[in-house]
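# Chain and residue survey
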Amino acid sequence: MDRILLLQIAEWLGVLAVMMIAGMSARLKLRPLVFKYPRREATVSLALFVLILIFAFLVFGGTVTGGQASAAPGDLGQRLFVAAAAVLPFAAALLTRRQPVRSAGWGKDFLAGGIRVAAALVFLTIFLTGSVFRLLAGLSTEDVSALVYLLLICLAEETIFRGYIQLRLEGWLGPRYGWAATAVLFTLFQLPRLLLLPAELPLRLGLTLVQGLVLGWVMRKSRHVAAPWLYRAVSEWLHWI
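Residues numbered from 1 in each chain as written. Predicted model: local features only at pLDDT ≥ 70, side-chain atom pairs only at ≥ 80, totals over all residues. Heavy atoms only, no water.

In the contact formed by helix α4 (residues 111–128) and helix α9 (residues 226–240), the axes pass within 7 Å of each other and the chain directions differ by 20°. The orientation of α4 relative to α9 falls into the category roughly parallel. Of the two elements, α4 crosses α9, and the hand of that crossing is right-handed. Counted together, L111, G114, I115, V117, A118, L121, V122, T125 and I126 of α4 and A226, A227, L230, Y231, V234, S235 and L238 of α9 form the full contact between these two elements. Classifying every residue of the contact of α4 with α9 gives 13 nonpolar, three polar and no charged. (Axes fitted to C-alpha atoms, helices over the stretch in contact; angles between N-to-C directions. Helix = DSSP H or I, 4+ residues; strand = E, 2+ residues; numbered from the N terminus. Parallel < 35°, antiparallel > 145°, perpendicular 65-115°, else oblique. Left-handed = near helix turned anticlockwise from the far one by under 90°. Contact = heavy atoms within 4.5 Å. Nonpolar A, V, L, I, M, F, W, Y, C, P; charged D, E, K, R; others polar.)

Next up on the list: the packing of aromatic side chains. Scanning the model with the defined rule gives seven aromatic pairs in all. With centroids separated by 5.8 Å and ring planes inclined at 50°, the aromatic side chains of F55 and F81 adopt a geometry described as tilted. Here F55 is found in helix α2 (residues 38–60), whereas its partner F81 is found in helix α3 (residues 77–96), with 26 residues between them in sequence. Exposure remark for F81: the relative accessible area of 39% places this residue in the partly exposed category. Ring geometry for F161 and F189: centres 5.4 Å apart, planes at 50°, overall tilted. Of this pair, F161 sits in helix α6 (residues 141–173) while F189 sits in helix α7 (residues 175–194), and the two are 28 residues apart along the sequence. Taking the relative accessible area as the measure of exposure, F189 reaches 3% and is therefore buried. Three or more aromatic residues link up through ring pairs in this structure, and these residues are F49, F161, F186 and F189. (Phe/Tyr/Trp six-rings, centres within 6.5 Å; stacked < 30°, edge-to-face > 60°. Buried < 20%, exposed > 50% of the residue type's maximum accessible area, 1.4 Å probe, protein only.)

Here is the structure:
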């Protein structure tokens, strides 16, 4: 556990360093997103968050699925079910309120830059976790399947938190407090799943909170969900395999 923790800390420090450099790009500072009614947008975000948090508790508590949830690291199916269901009300809010996907962090202006940042973070993570030779040795079917699952899980969750919620909370509370508040909400959303491992709960909650802060920082600097999405998916996958 100590080795894993040290690797995780080293990875996050590397990510912060890369994002400090990426944040110097003049292109990433263009055309900031501004909401006309930031408090209303934040209220909608928080209401939707409460909805999906209740749903997560019901699923991981076995109420929705009718069975006992599994806390095994390899049990990604239930996480995908929760993430896919959770993104639906946010997508519906965009459609019914006629808001562009840019307001959820998927604007085309920063897509290319977001992908470049994601690529840099992915290669950095592979190097810092010592996964180069492991990947060159080949992947099993289970490894590939886990990557697909995590790409889909992180796509949904990063769109919700770093895209929809963070942008709105930053518009209401300001960049610093909005970023921190989003990390707290992200941690709370993971709580129903983390409660299945009570002995490791304090450590996992702390790591999840720091992960949320790092991902939020990546979003702030890259201005596109593609960066935190791809980085997080690959990072969690490398630690999984």
